[in-house]
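Letter by letter, the chains look like this.
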Amino acid sequence: KETIRGVDGCIHLACISNDPSYELDPNLAREINFEAFKKLIPVINESQIQRFIYASSSSVYGVKQEANVTEDLILEPISDYSKYKVACEKFLLDEIKSHVTTTIIRPSTVCGYSHRQRFDLVVNILTLSALTKKKISVDGGDQYRPNLHIKDMIKCYLELLIAPIALINREIFNVAGENLTVRDIALRVQKIVDNNSELEFLPTKDARSYRVSGEKIFTVLGFKPKFTIDDAIADIRDSFVQGR
């Protein structure tokens, strides 16, 4: 209550944010990702918050063969992480009061350089591997993964904070960048890092594969990503070389 006093917009990012971390302590992760969320929404309802943006995940779609996965397709979460994202989406739409403008987004996997760098994300970790080991270890390779540059992710949040209420209230939007196979991402890393890194293909237990469509958010808000996976790889490469 104290943290959000006098605040009119809330972007909810707080969670254990990947499958392996979730699995380290599933009970703790459930408490953080779902039980705490259930306690937060009644507080939001009684606060001065006028806009609430919930960051779900495109992983809620699971395995999809469709060329373009849209927001109206059935959700088939595979992991506990994505199952509780779905549970939070439902709880939010059921419990948030009508005076709070509410938007759910399902971002693709974020990539690129940031001051608090994550290296558990597919583009980032393959780039780091090339830079530090001259070996790019690819789990599987044929799975399609959608990726989104961090700069585009931030721009999307900023636009949702000022978008007309009628366009975004109780809406769900994919935020999608490029859809590539993990193999294709590795080949781009190999080319852009350009240090004679070798590719190593390994079996994978992660069957998630989906190609996410960003058509809805483009049609409704005119939002379209400007940055590419190649930009993200080059950003990380340059930051590494410069000691950042």
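### Quick notes on the sheet that holds strand β4 (residues 109-111)
Spatially, the three strands line up as an open sheet ordered β4-β6-β8, and their pairing is mixed. Both edges of this open sheet fall to β4 and β8 (178-181), since each of them pairs with a single strand only. Across the sheet, the mean angle from the axis of one strand to that of its neighbour is 45°, orientation sign disregarded. Bridging between β4 and strand β6 (residues 144-149) involves three bridges; their strand directions are parallel. Directly across from Thr109, in β6, lies its bridge partner Asn147. Lying on the sheet, helix α4 (residues 122-133) is in contact with β4 and β6; it crosses β4 at an angle near 40°. Contacts from helix α5 (residues 150-162) reach β4 and β6, with the element oriented near 70° to β6.

### Considerations on the environment of Val220
Along the chain, Val220 turns up in helix α8 (residues 215-221). Linking Val220 and Ser59, residues 161 residues apart in sequence, is a C-alpha distance of 23 Å. Val220 has contacts with Leu167 and Phe173, leaving out every residue within four places of it along the chain.

### A short note on the side chain of Thr101
Structurally, Thr101 is set in strand β3 (residues 101-107). Note on Thr101: relative accessible area 5%, which makes it buried. Beyond its immediate sequence surroundings of up to four residues, Thr101 is in contact with Gln50, Arg51, Phe52, Ile165, Ile168 and Asn169.

### What to know about the sheet that holds β3
Taking strand neighbours across the sheet as the criterion, the four strands line up as β1-β2-β3-β7 in an open arrangement whose pairing is parallel. Either end of the sheet is taken by a strand with one partner, and the two such strands are β1 (9-12) and β7 (171-175). Geometrically, the sheet is characterised by an average inter-axis angle of 20° between neighbouring strands, direction not taken into account. Bridge analysis of strand β2 (residues 51-55) against β3 gives five bridges, and the strand direction is parallel. Across the sheet, Ala55 pairs through a bridge with Ile105, a residue of β3. Running at roughly 155° to β2, α5 makes contact with β1, β2, β3 and β7 of the sheet.

### Considering the state of the cysteines
Summed over all chains, the structure comprises zero disulfides. Just so you know, Cys15 is unpaired, no disulfide at all, and the nearest cysteine sulfur is the one on Cys88, 8.4 Å from it. The cysteine Cys156 is free of any disulfide, with Cys111 supplying the nearest cysteine sulfur at 15 Å. Residue class for Cys156 comes out buried when judged on its relative accessible area of 1%.

Here is what the cut-offs are and how they apply
- Residues numbered from 1 in each chain as written.
- Predicted model: local features only at pLDDT ≥ 70, side-chain atom pairs only at ≥ 80, totals over all residues.
- Heavy atoms only, no water.
- Pairing = 2+ DSSP bridges.
- Helix = DSSP H or I, 4+ residues; strand = E, 2+ residues; numbered from the N terminus.
- Axes fitted to C-alpha atoms, helices over the stretch in contact; angles between N-to-C directions.
- Contact = heavy atoms within 4.5 Å.
- Buried < 20%, exposed > 50% of the residue type's maximum accessible area, 1.4 Å probe, protein only.
- Disulfide = S-S within 2.5 Å.

Treat this as a map of the structure, not an account of what it does.
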